[in-house]
Amino acid sequence: MNAPTQVPTDRVRAGVPADPADPGFWRLPRSERLAAFARLRELDAPVRFTPRMGAAPFYALVRHADVRAASRQPQVFASAPGVTTPVPARWAKAVFGNSMVHMDGAEHAALRRTISRAFTPRLLAAAEENIVAVARRLVDETVAGGPGDFMRSAGARMPFEVICDLMGVPAHRRARIAARIDRASEYVGVQRRGRARLRVPGRGLRSLALMQFDMAAVARERRRAPADDVISALVTADVDGEALSSRQLGAFFSLLLVAGVETTRNAIAHGLVLLTTHPEQRALLESDFDRYADGAVDEIVRHSTPIIQFRRTVVAECGLGGHTFVPGDKVVLLYASANRDASVFEDPDAFDITRSPNPHLGYGGGGPHHCLGAHLAKLEMKALLREMLTRRAKFRAVGEPGLVDSNFDNRVGSLPFTFEFLHPNGPR
């Protein structure tokens, strides 16, 4: 086991052709960033990087095995005080509630248990039927509206509609909540410049607060008159007396919408691009959708990796990847690198919907923080892909997606798309 070491800044700058602590790195073309991660994976130990804006130095975990191991040792690699950069301020947690992704141990387990119980088998079965209906309706509306920006059509609307239906968000509140989600998440992980560095965070927090006020109002309604939805289950105490407060509900809803909506719609958009630029893979999927759909969804998530990274704080000494970590060290789990690790994935840059096995870390590396909504996200992607690929109106991307500079998620800001009618009688 190696002794704790610091990698000198000059070695990082001169000997390592990548610096994920530098905002400029995240403005490089994605292919260049992936190539830099490949070179980091070849080193004999994780590299320590020091941000230039005063944030704490961190070690970059870039290998599949290291990211997976750290994810499954929460007693060593803790999520508290926060998994994002910057770490949420204490006052923000007090005002908005602490998100489940920033919790550890018994606190995290209790909240996750309460939330999991709300997703009953009956509700999930109804959700599966609803997902199919929503996908069909949204594609019908998109075809009727004509080609345009995919991020303003079915691809972006699908996860939001599904989550609102499942949670029980009233229809008259949805447009306002959707606008607030966009404002709250617009600059997450994005380097801001000049006066916008002061102005934008306040705008995002205000949107988050207003969204939570909306959810508090719905919670009050459901406590008075419970319905057959997840919000009612979360705010109504069960036999064990477990229920969420309005603040806890708001924090969970913010996580579900800002994280769940963004990640799924980005994955769907990347999927359309990949299937357009790899016509042989698209033809294979269309030839037997039911046979290849699960593999296609997994490969889209692996290849695009919607969440690029999460942060952990070391709370106990541990040897991992050729280095000894000590309490107080910060590490970044780079899923975008782990999902291209050639020691795990043969020809990792290839897009192959028949890849098997495909142990990607697109939903996390396992452990207690494995994505709670992974099953629903897969169902949404399959339902929408089926509608876009198997009806007579064949969807395809036009040109390159407009990616947003971010060190947090592989976000698609815009994506021109069109479709072709393969039958003169219309879209079906």
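It should be noted that the structure appears before, not after, this text.
Residues numbered from 1 in each chain as written. Predicted model: local features only at pLDDT ≥ 70, side-chain atom pairs only at ≥ 80, totals over all residues. Heavy atoms only, no water.

In contact at an axis separation of 11 Å, helix 7 (residues 154–167) and helix 15 (residues 374–390) are set at 135 degrees when each is read in the N-to-C sense. The orientation of helix 7 relative to helix 15 falls into the category oblique. In the crossing of helix 7 with helix 15, the sense of the turn from one axis to the other is right-handed. Touching Ala 154, Gly 155, Met 158, Pro 159, Val 162 and Leu 166 of helix 7 are Leu 376, Glu 380, Ala 383 and Leu 384, all from helix 15. (Axes fitted to C-alpha atoms, helices over the stretch in contact; angles between N-to-C directions. Helix = DSSP H or I, 4+ residues; strand = E, 2+ residues; numbered from the N terminus. Parallel < 35°, antiparallel > 145°, perpendicular 65-115°, else oblique. Left-handed = near helix turned anticlockwise from the far one by under 90°. Contact = heavy atoms within 4.5 Å.)

The sheet built from five strands is open, its strands ordered 1-2-8-5-3 with mixed pairing. In this open sheet, the two strands that pair with only one neighbour each are strand 1 (47–49) and strand 3 (77–78). As defined by bridge partners, strand 1 adjoins strand 2 (residues 58–61) across three bridges and the pair is classed as antiparallel. Looking across to strand 2, one finds that Val 47 is bridged to Ala 60. Helix 3 (residues 64–71) rests against strand 2, strand 3 and strand 8 (330–334) of the sheet, and its axis sits at about 120 degrees to strand 8. (Pairing = 2+ DSSP bridges.)

This part is about the sheet that holds strand 9 (residues 393–397). Overall, antiparallel pairing links the three strands, which are arranged 4-12-9 in an open sheet. Either end of the sheet is taken by a strand with one partner, and the two such strands are strand 4 (148–149) and strand 9. Pairing analysis gives two bridges linking strand 4 to strand 12 (residues 416–421), with the strands arranged antiparallel. Of the residues in strand 12, the one forming a bridge with Asp 149 is Pro 416.

So, about the environment of Arg 137. Residue placement: Arg 137 occurs in helix 6 (residues 121–145). Distance in space between the C-alpha atoms of Arg 137 and Glu 387 is 9.6 Å, their sequence separation being 250 residues. Aside from chain neighbours lying at most four places away, what touches Arg 137 is Arg 157 and Glu 161.

Per the counting criterion, the structure on display carries 24 salt bridges. As a salt-bridge pair, Arg 173 and Glu 221 come within 3.4 Å of each other at their nearest N and O atoms. Taken together, the residues span a long stretch of sequence, with Arg 173 in helix 8 (residues 171–185) and Glu 221 in helix 9 (residues 196–224) at a distance of 48 residues. On the accessibility criterion, Arg 173 (10% relative accessible area) is buried. With relative accessibility at 27%, the residue Glu 221 sits in the partly exposed group. Two residues, Arg 355 and Glu 299, come together in a salt bridge whose shortest N-O distance is 3.2 Å. Here Glu 299 lies in helix 13 (residues 289–304) and Arg 355 lies in the loop between helix 14 (335–338) and helix 15, a separation of 56 residues in the sequence. Each member of the pair, Arg 355 together with Glu 299, is buried. (Salt bridge = Lys/Arg side-chain N within 4 Å of Asp/Glu carboxyl O. Buried < 20%, exposed > 50% of the residue type's maximum accessible area, 1.4 Å probe, protein only.)

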